[in-house]
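Observations on the model geometry
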Amino acid sequence: MNQPGFFDVEERLARLSGLGDQLEAFSRTVDFEVFRPDLEKALAYSEGSKGGRPPFDPVLMFKILVIQTLNNLSDERTEYLINDRLSFMRFLGLGLSDRVPDAKTVWLFRERLTQAGAIESLFNRFDATLRNAGYLPMSGQILDATLVAAPKQRNTNAEKADLREGRIPQDWQDKPAKLSHKDRHARWTLKFTKAKRQDDGTIPATDLAIPFFGYKSHISIDRKFRFIRKWKTTHAAASDGARLREGLLDKTNTASNVWADTAYRSKANEDFMEKHGFVSKVHRKKPHLKPMPRHIQKSNAGKSVIRSRVEHVFADQKSQTGLFVRTVGIARATMRIGLANIVYNMRRVLFLERISANA
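Position labels on residues start from 1 in each chain and follow its written sequence. In keeping with the predicted nature of the model, local features appear solely for residues at pLDDT of at least 70, side-chain atom pairs appear and are counted solely at 80 or more, and the whole-chain, interface and lining totals rest on all residues. Excluding hydrogens and water, the side-chain figures rest on all heavy atoms present in the structure.

Formally: UniProt positions are given in the numbering used here, feature names are shortened, and annotations may be inferred rather than shown by experiment.
Naming follows an unreviewed UniProt entry, where the protein appears as Transposase of Acetobacter senegalensis. According to UniProt, the comment filed for the protein under the heading Sequence similarities (unreviewed entry) is "Belongs to the transposase 11 family." According to the UniProt record, the Function (unreviewed entry) comment for the protein reads "Involved in the transposition of the insertion sequence IS5."

**A short note on the overall build of the protein**
Spelled out, the test is: Helical segments are the DSSP runs of H or I of at least four residues, strand segments are the runs of E of at least two, and each set is numbered from the N terminus. When checking whether two residues touch, look at their non-hydrogen atoms; a contact exists if any pair is within 4.5 Å. Residue burial considers only the protein chains on display, and all accessible areas are found by Shrake-Rupley using a 1.4 Å probe.
Within the protein, the secondary structure is distributed over 15 helices and six strands. For the C-alpha atoms alone, the extent of the protein along its principal axes is close to 75 × 65 × 50 Å. Across the protein, contacts joining residues at least 24 apart in sequence account for 68% of those joining residues at least 6 apart. On the protein, roughly 20,100 Å² of surface is accessible, and the fraction owed to carbon and sulfur atoms is 51%.

**As for the domain arrangement of the protein**
Cut-off, in case you're wondering: Domain delimitation in this document rests on an assignment produced automatically or drawn from a domain database. Summed over both partners, the accessible area lost on bringing two parts together, with a 1.4 Å probe, is the buried area.
Assigned domains within the protein: domain 1 (5-115) and domain 2 (136-149 + 185-356). Centre-to-centre separation of domain 1 and domain 2, based on C-alpha positions: 32 Å. In this complex, domain 1 contributes 20 residues to the contact, which on the side of domain 2 involves 16 residues. Between domain 1 and domain 2, roughly 1,600 Å² of surface is buried when both sides are summed, and carbon and sulfur atoms account for 70% of that area. Interface area lost by domain 1 to domain 2 is led by Thr69, Asn72 and Thr114, which between them contribute 35%.

**Section: the packing of aromatic side chains**
Going by this rule: Under the pairing criterion, centres of Phe, Tyr and Trp rings, with the six-membered ring standing for Trp, must be within 6.5 Å; the plane angle then separates stacked pairs below 30 degrees from edge-to-face pairs above 60, leaving the rest tilted. Remark: exposure states derive from per-residue accessible area (1.4 Å probe, protein chains only) relative to the maximum for the residue type, with buried under 20%, exposed over 50%, and partly exposed in between. The rule for a charge over a ring is simple: NZ of Lys or CZ of Arg within 6 Å of the ring centre, and within 35 degrees of the ring normal.
Here the structure, examined in full by the defined rule, presents nine aromatic pairs. Between phenylalanine 35 and phenylalanine 62, the ring centres sit 4.6 Å apart and the planes meet at 40°, which makes this aromatic pair tilted. Residue phenylalanine 35 is located in the loop between α2 (22-29) and α3 (36-43), and its partner phenylalanine 62 is located in helix α4 (residues 58-71); the two are separated by 27 residues in the primary sequence. Both residues of the pair, phenylalanine 35 and phenylalanine 62, count as buried. One residue, lysine 224, lies across the ring of phenylalanine 225, its end atom 5.9 Å from the ring centre.

Here's what the structure looks like:
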């Protein structure tokens, strides 16, 4: 077998471009250099006067996190695929002979960003880029939340009680190695879903309640372009509605309407929105032990046409990028979900630019 030459590699890359390389489209559309100031501030690299091997370029490392998020990869799998795939190497600006960050280096980079709490500033940086490109928050906003699974914990009832009270179980304190593998922030909750149609064609009257362990991703998208504008990560058992009053509403949206499902309907939320100049389009709840009035049912149906658009965001994140928390602790979960939100916005602007070019 002949040794591949330069032109052989170029021919293969041209073939990948012709087949539609998503990462190449990312490179054309997204200016990753805008993230450099926030990355360098969070990482606080020294000037190198102490010697040693220089660190990898922070923008290159951030692009590796984008690859990870897009493909739902572990650190070890990421290292292997960067070495294996020409499309990954081209996206990162690496040649066949260039040094590739190993799994430990990727973990350490992400961990430093997590400890610095950098994900919010990175998200805001890209949101500012979108606004400068003309994608302003318009036509109101839509709120929703989704559960994000995490590795299940096997804890005793006493340990669970301690965690609910915010305490570290004594047995864990005496065993640092065990403590490092225990997620003290994720929680169990019940996920309700419609029961499937039976063999005889009937549908059970009651919903199914499925135990779920992990975190919850809360987002607010603008109605016009459907970019994620505000977001928050909590444990899975946290109330959806209470998050509305915790910075989830975008005051810069050009319209004041707010759509959300019945989980966000409360007097506290209605008063909060009225006080801050928002117009509630939140679904109304069914009266207790009474049939839903027809006018409310009709109103909710009209709101659902708009509100349902936010569900497409979560469907995209889970089906296309396999949103799942592999790590331990809410700080790392926030990092994971924040990266997923940035990557969703990148994929969304890619879609909008393609639509605009074909119009």
